[in-house]
Amino acid sequence: MESIDLQLIHALQIDGRAPLRRIASVLGISDQMAARRYARLRETAGLRVVGRLNPRPVGQTVWALRLQCVPSASLGLAQALAEREDTRWVQLASGGTEIICHLAVHSDSDRDALLMERLPSSRRVTSITAHRMLRLFKGGPTTWDGPTSALSREQMDALASSYPPPHAQAAPVELTDLDRVLLAALNRDGRAPHAALAVEARCHESTVRRRIAHLRATGALFFVLDMDERLLGNPAGTVIWMSVQPSQLATTGAALAGHPEVAYAAATTGRTNLLANVLCSDDESLYAYLSDRIGALLGIDTVETAPIIRTLKRDGSVARNHGLGVGERR
């Protein structure tokens, strides 16, 4: 991938709604070139900006689900999970015998409808493990650090958003009907113009601007970049489940957040209490990461790995194939 594409990707990671004219000015290119490169990345890499709710301020809880399945049925079940509005990061792992996904719900009844009724009734599912997310160490806009060397510190500062990161402490937020309309539209296209959002919401454009700014300022809304990470260096994804001594959990989680290989890290409930998603270029790199980086951390009693063979859904809509084969790895 060319340097200018990496710079554009990095800029959108910093602020997914930054105008292309502003990004072009910071990168020192023309508005037309920025628009062409952005359109090409959308076409070839599936690049898109997604507006996401920060779960805690809006009363959501997030669960990491592990489903052991009959191999012949795992793909169909994963596709069905990917079509649900309350799921993200639906992935096939462990040779296709396991499905891993995140479930964001507003109430216990929403959770139970899936975990205690629909999934257990399927003979295709042989076991279910649910881990409630307790503390996010890395995730959302602080995802994989692969392209973050593309911009200088001055360029990063020029594009930096004034809004708080999703891991900052935020007061509860009561969503309005207008907010829900805007959030649904921004989940489809996080860069949708204010004018188009105003038409969909049937309100004035200034009202849309104020509501989006309010949601971002309160920490309830943030934007992530969704794309095929293999174009950033062919990284293969592996989910790591760790059992960490409670006294070392915060220290170990913070250490993982500083590793460039880690795209996501969170403390969870369950038999294992620390979850990480890592991106390594090949098996030898993964071995070195596990033995040298993970092995050097204190307080880890057990480690379980699950290689990702296909990603059916990322942060937003169902993942599409962009000409790189069937394996949507992360």
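Before any of the text, the structure's been laid out above.
So, here is what we can say about the structure in this document. Note that the structure is predicted; figures quoted are calculated from it, not measured.

Conventions and cut-offs
Residues numbered from 1 in each chain as written. Predicted model: local features only at pLDDT ≥ 70, side-chain atom pairs only at ≥ 80, totals over all residues. Heavy atoms only, no water. Salt bridge = Lys/Arg side-chain N within 4 Å of Asp/Glu carboxyl O. Helix = DSSP H or I, 4+ residues; strand = E, 2+ residues; numbered from the N terminus. Buried < 20%, exposed > 50% of the residue type's maximum accessible area, 1.4 Å probe, protein only. Expected span 1.5 Å × (residues − 1). Arc of directions from axis to C-beta. Contact = heavy atoms within 4.5 Å. Core = buried A, V, L, I, M, F, W, Y, C linked by side-chain atoms within 4.5 Å. Axes fitted to C-alpha atoms, helices over the stretch in contact; angles between N-to-C directions. Parallel < 35°, antiparallel > 145°, perpendicular 65-115°, else oblique. Left-handed = near helix turned anticlockwise from the far one by under 90°. Nonpolar A, V, L, I, M, F, W, Y, C, P; charged D, E, K, R; others polar. Phe/Tyr/Trp six-rings, centres within 6.5 Å; stacked < 30°, edge-to-face > 60°. Lys NZ or Arg CZ within 6 Å of the ring centre and 35° of its normal. Pairing = 2+ DSSP bridges. Polar contact = N/O pair within 3.5 Å; in protein donor to acceptor, adjacent residues only side chain to side chain.

1. Some words on the pattern of salt bridges
As a working rule, side chains carrying opposite charge can pair if their charged atoms are close by.
Piece 1. Under the criterion given, the structure shown has 17 salt bridges.
Piece 2. Between aspartate 15 and arginine 216 there is a salt bridge; the shortest N-O distance is 3.3 Å. Residue aspartate 15 is located in the loop between α1 (3–14) and α2 (20–27), and its partner arginine 216 is located in helix α9 (residues 205–217); the two are separated by 201 residues in the primary sequence. Each member of the pair, aspartate 15 together with arginine 216, is buried.
Piece 3. Among the ionic pairs, arginine 209 bridges to glutamate 205, the shortest N-O distance being 3.2 Å.

2. Focus on helix α7 (residues 177–188)
Piece 1. With 12 residues, α7 should cover 16 Å at 1.5 Å per step; its first-to-last C-alpha distance of 17 Å lies within 8% of that length.
Piece 2. Buried residues of α7: Asp179, Leu182, Leu183, Ala185 and Leu186, and no others. Each buried residue of α7 sits inside an arc of 165° when the element is viewed along its axis, so together they form one side.
Piece 3. Of the surrounding secondary structure, the elements contacted by the buried residues of α7 are β1 (48–53), α8 (194–201), α9 and β6 (221–226).

3. Here we look at the nonpolar core
Piece 1. Membership of the largest hydrophobic core comes to 40 residues, with the highest contact counts inside it found for Ile23, Leu47 and Leu197.
Piece 2. Of all elements in the fold, only α1, α2, α3 (31–45), β1, α7, α8, α9 and β6 reach the threshold of two or more residues within this core.
Piece 3. The residues contacting isoleucine 23, other than those within four sequence positions of it, are Leu8, Ala11, Leu12, Ala18 and Leu159.
Piece 4. In this structure, Trp63, Leu92, Leu103 and Val105 belong to the second largest nonpolar core, which totals 19 residues.

4. Concerning the packing of α7 against α8
Piece 1. At a minimum axis separation of 10 Å, α7 and α8 run at an interaxial angle of 130°. When the interaxial angle is binned, α7 and α8 end up oblique. Between α7 and α8 lies a crossing whose hand is right-handed. For the pair α7 and α8, contact is made by Leu178, Val181, Leu182, Ala185, Leu186 and Arg188 and by Leu197, Glu200 and Ala201, respectively.

5. Here we look at the packing of α2 against α3
Piece 1. Between α2 and α3, the least distance of the axes is 8 Å, while the angle of their chain directions is 110°. Classified by the angle between their axes, α2 and α3 sit roughly perpendicular to one another. Relative to α3, the crossing made by α2 is right-handed. Along the contact surface, α2 presents Leu20, Arg21 and Ala24, while α3 presents Asp31, Ala34, Ala35 and Tyr38.
Piece 2. Considering only residue class, the contact of α2 with α3 consists of 5 nonpolar, no polar and 2 charged.

6. Some thoughts on the packing of aromatic side chains
Piece 1. A full pass over the atoms with the stated rule returns 0 aromatic pairs.
Piece 2. Between the NZ or CZ atom of arginine 191 and the centre of the ring of tyrosine 38, over which it lies, the distance is 5.4 Å.

7. Notes on the sheet that holds strand β10 (residues 300–313)
Piece 1. On the basis of which strands lie adjacent, the closed barrel formed by 8 strands has the order β2-β4-β3-β10-β7-β9-β8-β5 and antiparallel pairing. Direction aside, the axes of adjacent strands within the sheet are offset by 35° on average.
Piece 2. Where strand β7 (residues 236–244) meets β10, 7 bridges bridge the pair, whose relative direction is antiparallel. Within β10, the residue paired with threonine 238 across the bridge is proline 307.
Piece 3. Where helix α10 (residues 249–257) meets the sheet, its contacts fall on β5 (125–138), β7, β8 (262–268), β9 (274–280) and β10, and the angle it forms with β5 comes to roughly 85°.
Piece 4. The strands touched by helix α11 (residues 283–294) are β7, β8, β9 and β10; relative to β9, the strand with the most contacts, the crossing angle is about 135°.

8. Here we look at the pairing of strand β4 (residues 98–105)
Piece 1. Counting buried positions along β4 gives 8 out of 8 residues, so the element sits mostly inside the fold.
Piece 2. Burial of β4 is two-sided: the residues Glu98, Ile100, His102 and Ala104 facing one way and the residues Ile99, Cys101, Leu103 and Val105 facing the other way are all buried.
Piece 3. Where strand β2 (residues 61–69) and β4 come together, 8 bridges link them in antiparallel fashion. When the bridges of β4 are listed, arginine 66 appears paired with isoleucine 100.
Piece 4. Of the strand pairs in this sheet, strand β3 (residues 87–93) and β4 are connected by 5 bridges, and their pairing is antiparallel. Among the inter-strand pairings, threonine 87 is bridged to a residue of β4, identified as leucine 103.
Piece 5. As consecutive antiparallel partners, β3 and β4 are separated by 4 residues, and within that stretch serine 94 has a phi angle of approximately 55°, a positive value.

9. Thoughts on α9
Piece 1. A rise of 1.5 Å per residue sets the reference length of α9, with its 13 residues, at 18 Å; its end C-alpha atoms lie 18 Å apart and thus fit the reference within 8%.
Piece 2. Structurally, α9 contributes buried residues whose contacts are with α7, α8 and β6.
Piece 3. Directly beyond the C-terminal end of α9, a positive phi value near 85° is found at glycine 219.

10. Some remarks on the side chain of threonine 268
Piece 1. Note on placement: threonine 268 falls in strand β8.
Piece 2. Engagement of the side chain of threonine 268 in a polar contact is seen with the backbone oxygen of threonine 272, the distance being 3.3 Å.
Piece 3. Beyond its immediate sequence surroundings of up to four residues, threonine 268 is in contact with His131, Arg132, Met133, Leu134, Asn273, Leu274 and Leu275.

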